[in-house]
Amino acid sequence: MNKPALLVVDDDPQVLAAVRRDLRGRYRESYMVVSAASGEEALATIRELKARGDALALVISDQRMPGMQGTDLLAQSRDIYPQARRVLLTAYSDVDAAIKAINVAHLDHYLSKPWDPPEECLFPVIDDLLDGWQAEYLPEAKGLRLVGHQWSPRSHAIKDFLAGNLVPYRWLDVDRSADARTLIAAAGIVTSDLPALFFEDGSALRNPDPRQVAERLGKSVSASLNLYDLVIAGAGPSGLAAAVYGASEGLKTLLLDRHAPGGQAGSSSKIENYLGFPAGVSGSELTRRAVAQAQRLGAELLVPVEVTGVSIDEGYKHLTLSDGREILTRTLVAATGMEYREHPAAGVNTFTGAGVYYGAATTEASVCSNQRVIVVGGGNSAGQAAMHLSRYARDVQIVIRRDSLRDTMSRYLIDQIEKTPNIRLGAQTEVARVEGNGHVERVAFKRGDGAIDVEDVDAVFVFIGTRPRSDWLPDGVLRDDKGFVITGRDLPADGRYARTWKQRREPMALETSAPGVFAAGDIRAGAMNRVASAVGEGSMAVRFVHEYLALT
Ligand SMILES: Cc1cc2nc3c(=O)[nH]c(=O)nc-3n(C[C@H](O)[C@H](O)[C@H](O)COP(=O)(O)OP(=O)(O)OC[C@H]3O[C@@H](n4cnc5c(N)ncnc54)[C@H](O)[C@@H]3O)c2cc1C
């Protein structure tokens with residue numbers, strides 16, 4: 001098999017030669033640089049690469065060309081190579097058009113000409129995009145293969161764990177893939193042992209749980225120190241930010257997550273409003289960068305490790321983990337965010353993981369091709385999920401109780417949804433019942449007038465009813481009536497404060513009613529429920545951690 005390709009497209013022979021020369025100079029060891037002088041020629045090259053089974057990592061195209069424009073080419077290339085990174089080359093005067101085209105062509109970046117010197121203006125961007133592509137890319141014959149039944153909750157749990165932890169794998173549905181049946185037969189695995197995870201060396205784990213998979217993949221699940229300055233529970237945006245600041249400022253920092261780094265944001269197919277990413281950034285890409293940054297700066301990350309309890313003794317916090325082990329720390333940042341509540345409709349529990357998924361649109365989208373799916377909820381997370389699913393599913397219906405998305409979803413998402421022909425809105429509608437045989441096959445909808453309609457549906461993605469994950473915190477950490485953790489200046493206003501807070505000083509901002517225990521992000525009462533605010537609070541919490549440590 002050839003090296004993965006980088007495709008350069010420009011009708012100006014001089015520009016084409018210059019980009020080709022720069023890219024060859026830097027990337028020829030690992031990539032094959034190919035070029036085309038028009039959009040049409042580029043599309044033919046892309047089809048040829050596909051037919052040969054070659055990988056395409058990046059397309060850089062000029063915008064203004066006779067015939068097919070750069071944005072059209074980039075949009076079409078996405079249908080053939082969805083993972084390839086796409087960059088538009090524009091003249092300075094076309095930057096506005098490039099920005100507008102980001103949504104249409106789903107560009108990853110635009111570069112204005114000229115890009116001299118390439119070491120500053122071209123290579124950092126391309127390096128970054130290729131790193132992201134490499135993290136997702138899995139050569140045909142290599143890597144992990146997961147064999148299982150599409151509607152098995154155990155299979156879903158392993159898929160979700162691998163995807164959440166950014167481990168590329170190939171999914172093989174045993175009911176549809178002859179290769180999968182050959183693979184398990186050769187390994188002597190019977191279908192009741194599924195899911196089975198096959199490694200490159202031919203060995204397999206039968207019906208593993210996420211922890212066994214983590215151990216086999218060489219991920220740390222045990223802490224290396226006896227005492228930490230800072231332990232952060234939850235590796236969503238706020239926990240990751242706290243880990244970056246804690247480690248970079250010399251604190252012995254440990255970050256734990258029960259599932260995978262990234263949190264809710266990690267499950268987002270595209271975050272469009274996070275500062276510094278003009279073309280948007282997928283949750284997995286943001287997580288990949290943040291994890292690399294935190295680890296490079298010296299933070300220790302353990303997954304999947306759940307904190308189940310905390311006791312405090314003379315200022316030291318003893319954390320109990322789900323496997324019974326303990327970790328000791330001087331300060332704790334609770335960054336365990338929120339989770340979706342169980343949907344109350346009949347049948348939902350029975351089919352969770354077998355066609356009903358909570359927020360897992362990115363994990364399951366690719367197996368929804370040609371299916372009919374529904375997204376329950378009208379917030380931005382539901383909107384993003386619907387957009388992502390619409391790339392695979394035949395029909396996506398957003399189900400909401402209200403009569404429109406106007407008050408709950410951002411305008412940019414409503415606009416995108418309105419322009420997507422295979423998404424429709426089921427307003428004034430609720431899911432009353434989910435039915436099927438072994439997996440979801442039908443949903444009974446209750447309409448505003450009380451009528452019940454039963455329709456064929458293959459999968460239900462639930463994006464409603466979030467609740468804070470704060471049950472693991474001790475009683476001394478005050479929470480509001482919904483379970484959100486009260487911090488800083490809000491504490492003195494609470495009737496229980498005088499009984500709980502016994503320090504001569506006031507609680508610091510983000511400090512809970514237990515000294516040295518801080519809360520950041522969505523778990524906090526009054527949180528803004530945004531990636532940026534979670535990141536901001538995680539970063540700020542470390543400043544207060546220092547102040548607290550200086551007092552003790
Ligand atoms: C699909 C989706 C799309 C979104 N899109 C956007 C967007 O475009 N823009 C935007 O600004 N915001 C967006 N949001 C909101 C944003 O993602 C959240 O506000 C943000 O993730 C909150 O971060 P957090 O770190 O506080 O908590 P979370 O992201 O909830 O992370 C908490 C982490 O803690 C872990 N955890 C929980 N309990 C334990 C325990 N006991 N022990 C160890 N670990 C534990 C969880 O596994 C999780 O990884 C989106 C949310 C969703 C669900």
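Residues numbered from 1 in each chain as written. Predicted model: local features only at pLDDT ≥ 70, side-chain atom pairs only at ≥ 80, totals over all residues. Heavy atoms only, no water.

**Q** Tell me about the packing of helix 10 (residues 237–248) against helix 12 (residues 283–296), and name the residues and values.
**A** Interaxial distance between helix 10 and helix 12 falls to 8 Å at its minimum, and their mutual angle equals 25 degrees. Of the possible angle classes, the one that applies to helix 10 and helix 12 is roughly parallel. When you trace helix 10 past helix 12, the crossing you get is left-handed. Note on element contacts: helix 12 touches helix 10 through Ala290, Val291, Gln293 and Ala294, opposite Leu240, Ala243, Val244 and Ala247. (Axes fitted to C-alpha atoms, helices over the stretch in contact; angles between N-to-C directions. Helix = DSSP H or I, 4+ residues; strand = E, 2+ residues; numbered from the N terminus. Parallel < 35°, antiparallel > 145°, perpendicular 65-115°, else oblique. Left-handed = near helix turned anticlockwise from the far one by under 90°. Contact = heavy atoms within 4.5 Å.)

**Q** Let's hear about the site of the ligand: which residues, and what values?
**A** Contacts to the ligand come from 35 residues, most closely from Ser238, Asp257, Gln264, Gln384 and Asp522. Gln264 places a polar side-chain atom, nitrogen or oxygen, 2.8 Å from an oxygen atom of the ligand. Contact distances for the ligand include 2.8 Å between an oxygen atom and a side-chain N or O atom of Gln384. Considered on its own, the ligand offers 1,000 Å² of accessible surface; in the complex 95% of this is hidden by protein. Counting residues per element, the ones that place at least two in the shell around the ligand are helix 10, helix 11 (263–266), strand 16 (338–340), helix 14 (380–389) and helix 17 (531–551). Sort the elements by how many residues they give to the shell around the ligand and helix 11 lands first, with three residues. A per-class count over the shell around the ligand returns 14 nonpolar, 15 polar and six charged. (Near = heavy atom within 4 Å. Polar contact = N/O pair within 3.5 Å; in protein donor to acceptor, adjacent residues only side chain to side chain. Areas by Shrake-Rupley, 256 points an atom, 1.4 Å probe, with all protein chains shown as cover. Nonpolar A, V, L, I, M, F, W, Y, C, P; charged D, E, K, R; others polar.)

**Q** Report on the sheet that holds strand 1 (residues 5–9), specifying residues and quantitative values.
**A** A sheet is described by the order of its strands in space; here five strands give the open sequence 2-1-3-4-5, paired in parallel fashion. Looking at the sheet topology across the chains shown, the edges are occupied by strand 2 (32–36) and strand 5 (109–112). Across the sheet, the axes of successive neighbouring strands diverge by a mean angle of 20 degrees, strand direction being ignored. The pairing of strand 1 with strand 2 spans five bridges and is parallel. Note that in strand 2 the partner of Ala5 across the bridge is Met32. Contacting strand 1, strand 2, strand 3 (56–62) and strand 4 (85–90), helix 1 (residues 13–27) crosses the sheet at an angle of about 170 degrees to strand 2. (Pairing = 2+ DSSP bridges.)

**Q** Please set out the packing of aromatic side chains residue by residue, giving values where relevant.
**A** Tallying each qualifying case throughout the model produces nine aromatic pairs. Ring centres of Tyr274 and Phe277 lie 6.1 Å apart, and the angle between their planes is 20 degrees; on these two criteria the pair is classed as stacked. Between Tyr357 and Phe461, the aromatic rings sit 5.4 Å apart at their centres with planes inclined by 35 degrees, giving tilted as the arrangement. Residue Tyr357 is found in strand 17 (residues 356–358), and its partner Phe461 is found in strand 24 (residues 459–462); the two are separated by 104 residues along the sequence. With respect to class, Tyr357 is no different from Phe461; both count as buried. Through a chain of ring-to-ring contacts, the aromatic side chains of Tyr27, Tyr31, Phe123, Trp133 and Tyr137 assemble into a single cluster. The side chain of Lys50 reaches across the aromatic face of Tyr81, ending 4.6 Å from its centre. Between Arg216 and the ring centre of Phe199, over which it is positioned, the NZ or CZ distance is 3.9 Å. (Phe/Tyr/Trp six-rings, centres within 6.5 Å; stacked < 30°, edge-to-face > 60°. Buried < 20%, exposed > 50% of the residue type's maximum accessible area, 1.4 Å probe, protein only. Lys NZ or Arg CZ within 6 Å of the ring centre and 35° of its normal.)

**Q** Can you tell me about the environment of Asp403, naming the residues and giving the values?
**A** Structurally, the position occupied by Asp403 is in the loop between strand 19 (395–399) and helix 15 (411–418). With a relative accessible area of 53%, Asp403 lands in the exposed category. Along the chain, Asp403 and Gly426 lie 23 residues apart, while their C-alpha atoms are 8.7 Å from each other. For Asp403, the residues in contact, after removing those within four places along its chain, are Ala427 and Gln428.

**Q** Run through helix 8 (residues 178–186), naming residues and quoting values.
**A** Every buried residue belonging to helix 8 is among Ala180, Leu183 and Ile184, and all of these are buried. Down the axis of helix 8, the sector holding all buried residues measures 90 degrees, keeping them to one side. The exposed set on the far side of helix 8, more than 90 degrees from its buried face, consists of Thr182, Ala185 and Ala186. Residues of helix 8 that are buried make contact with strand 6 (144–148), strand 7 (169–173) and strand 8 (196–198). The backbone nitrogen of Asp179 has a side-chain oxygen 3.3 Å away, supplied by the residue at the start of helix 8, namely Ser177. (Arc of directions from axis to C-beta.)

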